[in-house]
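# An overview of the molecular structure
Listed below, chain by chain, are the residues.
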Amino acid sequence: MMNVALIGNPNTGKTSLFNALTGFYEYVGNWSGVTVEKKVGKLKDELGQLIDLPGIYSLNPLSEDEAVVSNFLLTEDFSAVLNIVDASQLERNLYLTLQVLEYGKPVVIALNMFDVAKGRGLKIDTEKLSLYMKTPVIPVVARKGTGIDQVKHYLREINAENQEALVIHYGEILENAIQKLIRQLPDSRLPKRWLALQFFEGNKPVWELLKKHVDESVLQKIFAETEKRIAETESVSSLDRYIRQIRRQWICNVLEKAISHSPDRKVPLS
Ligand code: GDP
Ligand code: MG
Ligand code: K
């Protein structure tokens, strides 16, 4: 039986998709230690469980809600991620998608609000998106139930063994620092490159975890040295900003290839 985590930005149709995929709430409660609602439902067709996580823009937690998702990825046993994305706000939404793809669990992307995107004159080549993201991308209108069968189809096809994390190159300085940190990390089921990237992004739950295995002064030294070198060579004041910049460039490149506008309508992507 699969445990699928539903992850996406706020107001992307998460509840609509959750309801379309599950018959009923098996469990409704709170995530431990916080007042954030936890909902678990049984996926139809005996596929397993769907876990509804709070809507967030980034894994790097600023709020209680965002920390829930990072803590989930660090501590819970799950088989796959169903990433819901607002097709009419791809540039913004794909930021979280990248962070999830870097984790390396199987991901199915539900491109929701496809009707809205179409209405705005956006032509989205989902096959191209799928090619760059290296994972299935399915047009969905959750409110109407369009695309739900295909989402279920791809969830059924998930093969945990064949999943590789998406690797974006972050430039020599950061790549060397990632390798340096990885060498300090003990083996566990958690993906080391993802841990390192989240560490350099300043993800607090990740810092807390790493502090249990690596001396805090060592962590702080690696972080400070890397940030200093990036500031010197890249004219970006923080590592967090630097990482954001690289991811945004990657997203823009992909969207340039996968999206076109109807000739009569010019609407910004985000
Ligand atoms: P959540 O905040 O992410 O849980 O999103 P909801 O499921 O509550 O949906 C937010 C709003 O978007 C609601 O009014 C839904 O009816 C609407 N909605 C959800 N999916 C779609 C869709 O695919 N197309 C359109 N046009 N509206 C949708
Ligand atoms: Mg909701
Ligand atoms: K919610």
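Note that the coordinates shown come from a computational prediction; the quantities given were computed from them, not determined experimentally.

What follows deals with the overall build of the chain. Looking only at helices and strands, the chain features 11 helices and 9 strands. For the chain, the C-alpha atoms occupy an extent of roughly 55 × 45 × 35 Å along the three principal directions. When each of the 270 residues of the chain is scored for burial, the buried share is 52%. For the chain, long-range pairs separated by at least 24 residues make up 68% of all intrachain contacts whose partners lie at least 6 apart in sequence. Total accessible area on the chain stands at roughly 13,100 Å², and carbon and sulfur atoms take up 47% of it. Positive and negative side-chain charges of the chain, numbering 34 and 34 respectively, have mean locations separated by a distance of 3 Å.

Take the UniProt feature "binding site: Mg(2+) 2" (unreviewed entry) in the chain next. Residues given the UniProt feature "binding site: Mg(2+) 2" (unreviewed entry) here are N19, A20 and G23. Tracing the sequence through the fold places N19 in helix 1 (residues 14–21). Within the secondary structure layout, A20 lies in helix 1.

Further remarks concern the environment of H213. Within the secondary structure, H213 sits in the loop between helix 9 (204–211) and helix 10 (216–234). As a C-alpha pair, H213 and P186 span 27 residues in sequence and 7.2 Å in three-dimensional space.

Moving on, we get to the site of ligand 1. Close to ligand 1 lie 13 residues, the nearest being K14, T15, S16, D115 and R143. Here N11 contributes a backbone N or O atom positioned 3.4 Å from an oxygen atom of ligand 1. Contacts to ligand 1 include A142, whose backbone N or O atom sits 3.2 Å from an oxygen atom. Coverage of ligand 1 by the protein amounts to 71% of the 580 Å² it exposes when considered alone. If you list the elements that add at least two residues to the shell around ligand 1, you get helix 1 and helix 4 (114–119). The dominant element in the shell around ligand 1, judged by the number of residues it contributes, is helix 1, at 3 residues. Grouping the amino acids of the shell around ligand 1 by side-chain chemistry returns 4 nonpolar, 6 polar and 3 charged.

The rules behind these values
Residues numbered from 1 in each chain as written. Chains lettered and ligands numbered in written order. Predicted model: local features only at pLDDT ≥ 70, side-chain atom pairs only at ≥ 80, totals over all residues. Heavy atoms only, no water. Helix = DSSP H or I, 4+ residues; strand = E, 2+ residues; numbered from the N terminus. Buried < 20%, exposed > 50% of the residue type's maximum accessible area, 1.4 Å probe, protein only. Contact = heavy atoms within 4.5 Å. Areas by Shrake-Rupley, 256 points an atom, 1.4 Å probe, with all protein chains shown as cover. Lys, Arg positive; Asp, Glu negative; His and termini not counted. Charge placed at Lys NZ, Arg CZ, Asp CG, Glu CD. UniProt positions renumbered as here; feature names shortened; annotations may be inferred. Near = heavy atom within 4 Å. Polar contact = N/O pair within 3.5 Å; in protein donor to acceptor, adjacent residues only side chain to side chain. Nonpolar A, V, L, I, M, F, W, Y, C, P; charged D, E, K, R; others polar.

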